[in-house]
Amino acid sequence: MSYFRLYQRWKTDPDGYWREFIEKTDEYIYWAKKPEKIFEWNPPNPFKWFVGGYTNAGYSAVDYKLGRFGDKTAYIYINPEAGVLSKKEDGCGKMRSAPFGY
């Protein structure tokens, strides 16, 4: 889908767009509880996104994907002084270091 079509989809139905996004990215983003509402704004109160939903960015970034991508590198850090440091999950929730290579 082109950028323009995505933009038009979001513009005409932002709630539906983001709800569909949540469903399509379910294998990549962990939701302990999916949101009841996508967006809420009751001025003068600040607006809220994904109301009633609960996720954990750290868990989504590494642990949630371990079943599908467990054999892949989870974290790569390039340090100009030390070279490349890559890390993988060991399956027990601990990171193991694999310095200077993937």
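As annotated in an unreviewed UniProt entry, the protein carries the name Acetyl-coenzyme A synthetase N-terminal domain-containing protein and is attributed to Pyrobaculum aerophilum.

Novice: Got a sec to walk through the pattern of salt bridges? Specific residues and values, please.
Specialist: Taken as a whole, this structure holds 7 salt bridges when the rule is applied. As a salt-bridge pair, Arg-9 and Asp-13 come within 3.3 Å of each other at their nearest N and O atoms. Among the salt bridges present, the one from Glu-40 reaches Lys-37, with a minimum N-O distance of 3.4 Å. A relative accessible area of 41% means that Lys-37 is categorised as partly exposed. Taken together, the salt bridges that share partners define one network made up of Arg-9, Asp-13, Glu-20 and Lys-24.

Novice: So what's going on with the packing of helix H1 (residues 3-12) against helix H2 (residues 14-24)? Which residues, and what values?
Specialist: The geometry of H1 relative to H2 is characterised by a closest axis approach of 5 Å and an angle of 120° between their N-to-C directions. Considering the angle they form, H1 stands oblique to H2. Along its contact with H1, which presents Leu-6, Arg-9, Trp-10, Lys-11 and Thr-12, the element H2 presents Pro-14, Gly-16, Tyr-17, Trp-18 and Glu-20. A breakdown of the residues in the contact of H1 with H2 according to their chemical character gives 5 nonpolar, 2 polar and 3 charged.

Novice: Outline the packing of aromatic side chains, supporting the account with residue identities and numerical values.
Specialist: Applying the stated criterion across every chain, the model contains 11 aromatic pairs. A centroid spacing of 5.3 Å and a plane angle of 75° characterise the contact between Trp-18 and Phe-21, whose relative ring orientation is edge-to-face. Linking Trp-18 with Phe-21, this pair stays in helix H2, spanning 3 residues, or about one helical turn. Given a relative accessible area of 23%, Trp-18 falls into the partly exposed group. By relative accessible area, Phe-21 is classed as partly exposed at 34%. Ring pairing ties together the aromatic residues Tyr-17, Trp-18, Phe-21, Trp-31, Phe-39, Phe-47, Trp-49 and Phe-50, which thus form one cluster.

Calculation criteria
- Residues numbered from 1 in each chain as written.
- Predicted model: local features only at pLDDT ≥ 70, side-chain atom pairs only at ≥ 80, totals over all residues.
- Heavy atoms only, no water.
- Salt bridge = Lys/Arg side-chain N within 4 Å of Asp/Glu carboxyl O.
- Buried < 20%, exposed > 50% of the residue type's maximum accessible area, 1.4 Å probe, protein only.
- Axes fitted to C-alpha atoms, helices over the stretch in contact; angles between N-to-C directions.
- Helix = DSSP H or I, 4+ residues; strand = E, 2+ residues; numbered from the N terminus.
- Parallel < 35°, antiparallel > 145°, perpendicular 65-115°, else oblique.
- Contact = heavy atoms within 4.5 Å.
- Nonpolar A, V, L, I, M, F, W, Y, C, P; charged D, E, K, R; others polar.
- Phe/Tyr/Trp six-rings, centres within 6.5 Å; stacked < 30°, edge-to-face > 60°.

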